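Okay, here's what each chain looks like letter by letter:
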Amino acid sequence: MRQQIVAGNWKMNKILEEGLELTRAILEKVEKPSGLVVIAPPYPYLRELGKMLKVRKHFHLAAQNCHQEEKGAYTGEVSADMLASVGCEFVIIGHSERRQYFKEKNEVLAAKVNVTLARGMRPIFCCGEPLHIREVDTHVGYVAKQLKASLFHLKEEDFKKVVIAYEPIWAIGTGRTATSLQAQEMHHAIRVLVAKKYGKIVADATPILYGGSCNAQNAADLFSQPDVDGGLIGGASLKAEDFAAIVAAMKK
Ligand code: 13P
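First things first, this report covers the structure right here in the doc. These numbers were taken from a predicted model, which means no experiment stands behind them. The numbers attached to residues start from 1 for each chain and follow its sequence in the written order. For a predicted model such as this one, the threshold for reporting local features is a pLDDT of at least 70, and the threshold for listing and counting side-chain atom pairs is 80 or more; totals across whole chains, interfaces and linings nevertheless cover every residue. Derived side-chain values reflect all non-hydrogen atoms in the structure, with water molecules and hydrogen atoms excluded from consideration.

1. Quick notes on the site of the ligand
Within the structure, the ligand sits among 13 residues, and Lys 11, His 95, Gly 173, Ser 213 and Gly 235 are positioned closest to it. For the purposes of these results, a polar contact is taken to be a pair of N or O atoms within 3.5 Å, where, inside protein, one atom must be able to donate a hydrogen and its partner to accept one; residues adjacent in sequence count only when each atom of the pair is a side-chain atom. Residue Ser 213 places a main-chain N or O atom 2.7 Å away from an oxygen atom belonging to the ligand. Between an oxygen atom of the ligand and a main-chain N or O atom of Gly 235, the distance comes to 2.8 Å. Note on areas: these come from Shrake-Rupley sampling with a 1.4 Å probe, and a residue is covered only by the protein chains present in the view. Bound to the protein, the ligand loses 94% of the 310 Å² it would expose on its own. Amino acids outside the nonpolar list (Ala, Val, Leu, Ile, Met, Phe, Trp, Tyr, Cys, Pro) and the charged list (Asp, Glu, Lys, Arg) are all regarded as polar, and Gly is one of them. Residues of the shell around the ligand, tallied by class, amount to four nonpolar, seven polar and two charged. One heavy atom within 4 Å of a molecule or strand is enough for the residue carrying it to be called near that molecule or strand.

So, in structure tokens, the structure goes:
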């Protein structure tokens, strides 16, 4: 079976003490996950949380973003090198909130993917369409463009480290989840695209996560779809009980 992953994207939530408490509670509630559990806290807590996760099998640390340049005069920014040096193994890249609020374009995201891989970390690359695109039924083409522009320049050996997260924008933080069939349709389409570019073996091994109002109630249904390999969780990752239930819903 493909690698299954549940990743919690805390976004800009929790102060340090709350984050530590949440992590403690998650570690207590999650016993033997059937896949990888990834936690993406805000930058300032990475090192401390990383130490807590490191001692537990299957738990991994992620950053929510990184800068595309290696280093230099970019006040306020954080490089891939820095993230690797505090123990990050994954970096979320291309989240729709970064695309929308910080105007991150496909080319910049391609550069972020490159620096992440160059520092030995795995990108969790987000793609997904806005509502008006879904309504005119051009969502598959829209997502295909995002993948081609930011990932398909990679050599096969690098692409193999990539995790894809399909997050329809209309489902993020709205309580409106994609149905499991809508998720499956897109995940399958993504896998077909990857197969065309990198071959079936690589495509069959690529984890494709679903994100967007995924919660303790609907996770099992979403994850039961053949091409859904886990989830990238926002709101529900901020509650230990809910996050643990989502982790438990991963395919066995
Ligand atoms: P919600 O789970 O809050 O809808 O957020 C999804 C998301 O954006 C994860 O990256």
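2. Let's talk about the packing of helix H5 (residues 106-118) against helix H7 (residues 139-150)
Where H5 contacts H7, the two axes come as close as 8 Å, and the packing angle between them is 50°. Overall, the two elements H5 and H7 adopt an arrangement that is oblique. Both H5 and H7 take part in a crossing whose hand is right-handed. Two secondary-structure elements touch here, H5 through Asn 106, Leu 109, Ala 110 and Val 113 and H7 through Lys 145, Gln 146, Ala 149 and Ser 150. Every axis in this analysis is a line fitted to C-alpha atoms, fitted for helices over the stretch in contact. Angles between the N-to-C directions lie between 0 and 180 degrees. A helix here means a DSSP run of H or I that spans at least four residues, while a strand means a run of E at least two residues long, and both kinds are numbered starting from the N terminus. What sets the label is the angle itself: under 35 degrees gives roughly parallel, over 145 gives roughly antiparallel, 65 to 115 gives roughly perpendicular, and the rest give oblique. Crossing handedness is read from the near helix: turned anticlockwise from the far helix by less than a right angle, it gives a left-handed crossing, and turned clockwise, a right-handed one. Should any heavy atoms of two residues lie within 4.5 Å, those residues are counted as being in contact.

3. Let's talk about the packing of aromatic side chains
Planes of paired rings set the category: under 30 degrees apart is stacked, over 60 is edge-to-face and the rest tilted, where pairs are Phe, Tyr or Trp rings (Trp by its six-membered ring) whose centres lie within 6.5 Å. Under the defined criterion, the tally for this structure stands at four aromatic pairs. Taken together through their ring pairs, the aromatic side chains of Phe 152, Phe 159 and Tyr 198 make up a single cluster. Above the plane of the ring of Phe 102 lies Arg 98, whose end atom (NZ or CZ) is 3.9 Å from the centre. Positioned over the ring face of Tyr 198 is Lys 197, at 5.9 Å from the centre of the ring. The rule is short: NZ of Lys or CZ of Arg within 6 Å of the ring centre and within 35 degrees of the ring normal puts a charge over the ring.

4. Considerations on the nonpolar core
The biggest cluster of nonpolar side chains holds 70 residues, and the ones touching the most others in it are Leu 147, Leu 151, Phe 159, Ile 164 and Ile 190. The leading source of residues in this core is helix H9 (residues 180-198), at six residues. In this structure, Leu 151 is in contact with Val 113, Phe 125, Phe 159, Val 162, Ile 164 and Tyr 198, ignoring residues within four places of it in sequence. Side-chain atoms within 4.5 Å are what join buried Ala, Val, Leu, Ile, Met, Phe, Trp, Tyr and Cys residues into a set we call a nonpolar core. In this scheme, a residue with accessible area under 20% of its type's maximum is buried, one over 50% is exposed, and one in between is partly exposed, where area comes from a 1.4 Å probe on protein chains only. Formed by 14 residues, the second largest nonpolar core is a distinct cluster that contains Ala 40, Ile 92, Ile 124 and Leu 232.

5. Brief notes about the packing of helix H1 (residues 16-29) against helix H12 (residues 240-248)
At a closest axis distance of 9 Å, the pairing of H1 and H12 adopts a crossing angle of 40°. By the angle class used here, H1 and H12 are oblique. Like other packed secondary-structure pairs, H1 and H12 cross with a definite hand, here right-handed. Contacts between H1 and H12 involve Leu 22, Ala 25, Ile 26 and Lys 29 from the first element and Ala 240, Glu 241, Phe 243 and Ala 244 from the second. A per-class count over the contact of H1 with H12 returns six nonpolar, no polar and two charged.

6. Description of the state of the cysteines
Pairs of cysteine sulfur atoms within 2.5 Å are what we label disulfides. Here the structure, examined in full by the defined rule, presents zero disulfides. Of all cysteine sulfurs, the one in Cys 88 lies closest to Cys 66, which takes part in no disulfide; the gap is 9.5 Å. Using a relative accessible area of 0% as the deciding quantity, one classes Cys 66 as buried. Classification of Cys 88 as buried rests on a relative accessible area of 6%.

7. Observations regarding H9
Multiplying one less than the number of residues by 1.5 Å gives the expected span of a helix. With 19 residues, H9 should cover 27 Å at 1.5 Å per step; its first-to-last C-alpha distance of 26 Å lies within 8% of that length. Those residues of H9 that sit buried are Ser 180, Ala 183, Gln 184, Met 186, His 187, Ala 189, Ile 190, Arg 191, Leu 193, Val 194 and Tyr 198. Backbone geometry just downstream of H9 places Gly 199 in the positive-phi region, at approximately 95°.

8. Here we look at the pairing of strand E8 (residues 230-233)
Side-chain alternation along E8 places Gly 230 and Leu 232 on one buried face and Gly 231 and Ile 233 on a second face that is also buried. Examined bridge by bridge, strand E1 (residues 5-9) and E8 share four bridges and lie parallel to one another. Bridge pairing in E8 places Gly 8 opposite Ile 233. Only strands that DSSP links by at least two bridges are regarded as paired with each other.

9. Details of H7
A rise of 1.5 Å per residue sets the reference length of H7, with its twelve residues, at 16 Å; its end C-alpha atoms lie 17 Å apart and thus fit the reference within 8%. Among the residues of H7, those classed as buried are His 139, Val 143, Ala 144, Gln 146, Leu 147 and Ser 150. With its buried residues spanning 160° around the axis, H7 presents them on a single face. Pointing more than 90 degrees away from the buried face of H7 are the exposed residues Lys 145 and Lys 148. On the buried face of H7, the contacting elements are helix H4 (96-101), H5, strand E5 (122-127), helix H6 (131-135), strand E6 (163-166) and H9. To be clear, the arc concerns the directions from the helix axis to the C-beta atoms.

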